[in-house]
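Each chain is listed here by its residues.
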Amino acid sequence: MKTKSKIFIAFILNLIFSIFELFGGIITGSIAITSDAIHDFGDATSIGTAFFLEKLSDKKPNNKYTYGYARFSVLGALITTLILLISSVIVIFNAVFRIISPIVIDYNGMLIFAIVGLFVNIVATYFTHGGKSLNQKAVNLHMLEDVFGWLVVLIGSIIMKFTNLYIIDPILSIFVALFVVINSIKNLIEILQIFLIKTPKDIDIDDIIKHIKEIDGVIDAHHIHIWTIDGEINLATLHLVVKEYDSNIKEKVKEELSEHGISHTTIEMETETENCKDKICNIKKQNQHLHCHHH
């Protein structure tokens, strides 16, 4: 099943379930269920956005977006992750108030909602797992976190049934929210690194240069830039210093880069006698220089 279809199924399940859940929270008086309903509605909204942006990310490149629309999928992941973070903070805030003044909760009703909630979210998690795009990973984190949340609600309602310790409800909701916050921050760091054009984490530039220099006819490689569009599609630009111009060298270098997970490469070839005007990558004219020199 395609990423878009998976995200759409998760969106529909979340939207229907958040409405069902809101009633559940009101009926049982459980803050864990009510806050989860608000959180699920936020999920549904962000998953809907993720679906739209994932759909847009498939569009072909044009004169306005020459790299294509793949990064819109990352934007979807960013929106989804931020909604998760904000809703989790709200849950923690409300739970703290409930710890200060606990109220009586209908734990039997809570138990029934927890069983239904667990089932629905396991189904949604199954449909969204295994995605490579950051967008789908963010959606899947939502689903996983909801499964975890309902498992906690289920355990909590059973404990309350036998102990009448109503304070357990807000304490459990804080645990779930903290789990979400930690995972969301990890996601957010990965997303921001893509927007900041950081070298992808599984790519070692020194290792790539070493392999390129082992190719016959290559003297040196410099002015290397490697980045990723969406966490999956990696691109590279570089200058090759060669003994003499030979299109075979270029092909071999492209093959080498392809083995390192780089799918789109732009290579400029120059001989030893040529003076590379771009030895210093003077992107920002004032004082920020990236030094690229022949070894």
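Values in this document were obtained by computation on a predicted structure and should not be read as measured data.

Position of Asn140 among the secondary structure elements: in helix α5 (residues 134–163). For the pair formed by Asn140 and Ile7, sequence separation is 133 residues and the distance between their alpha carbons is 8.7 Å.

Another point: unusual backbone geometry. Of note, Ile197 is a non-glycine position whose phi angle comes to about 55°, a positive value. For Ile197, a relative accessible area of 53% translates into the label exposed. Although it is not a glycine, His223 adopts a positive phi angle of roughly 55°. Relative to the assigned elements, His223 resides in strand β1 (residues 218–228).

Its 13 residues place the ends of helix α8 (residues 247–259) 19 Å apart at the C-alpha level, agreeing with the 18 Å of an ideal helix rising 1.5 Å per residue. Two or three places before Asn248, at the opening of α8, Asp246 has a side-chain oxygen 2.9 Å from that residue's backbone nitrogen. Following α8 by one or two positions, Gly261 has its phi on the positive side, about 85°.

Bringing the packing of helix α3 (residues 71–100) against helix α6 (residues 168–195) into the picture now. With their axes 8 Å apart at the nearest point, α3 and α6 run at an angle of 155° to one another. Relative to α6, α3 is oriented roughly antiparallel. Seen along the crossing, α3 lies across α6 with a hand that is left-handed. For the contact of α3 with α6, the residue count by class is 24 nonpolar, 5 polar and 3 charged.

Before going further, it helps to examine the pattern of salt bridges. Two side chains with opposite charge may pair up if their charged atoms get near one another. According to the stated counting rule, one finds 2 salt bridges in the structure shown. Linking Lys201 and Glu190 is a salt bridge whose minimum nitrogen-to-oxygen distance equals 3.4 Å. Of this pair, Lys201 sits in the loop between α6 and α7 (205–213) while Glu190 sits in helix α6, and the two are 11 residues apart along the sequence. The exposure class of Lys201 is exposed, given its relative accessible area of 73%. The partly exposed category is assigned to Glu190, whose relative accessible area is 26%. Of the charged contacts in the structure, one is a salt bridge between Lys213 and Asp220, with a shortest N-O distance of 3.8 Å.

Parameters and conventions
Residues numbered from 1 in each chain as written. Predicted model: local features only at pLDDT ≥ 70, side-chain atom pairs only at ≥ 80, totals over all residues. Heavy atoms only, no water. Helix = DSSP H or I, 4+ residues; strand = E, 2+ residues; numbered from the N terminus. Buried < 20%, exposed > 50% of the residue type's maximum accessible area, 1.4 Å probe, protein only. Expected span 1.5 Å × (residues − 1). Polar contact = N/O pair within 3.5 Å; in protein donor to acceptor, adjacent residues only side chain to side chain. Axes fitted to C-alpha atoms, helices over the stretch in contact; angles between N-to-C directions. Parallel < 35°, antiparallel > 145°, perpendicular 65-115°, else oblique. Left-handed = near helix turned anticlockwise from the far one by under 90°. Nonpolar A, V, L, I, M, F, W, Y, C, P; charged D, E, K, R; others polar. Salt bridge = Lys/Arg side-chain N within 4 Å of Asp/Glu carboxyl O.

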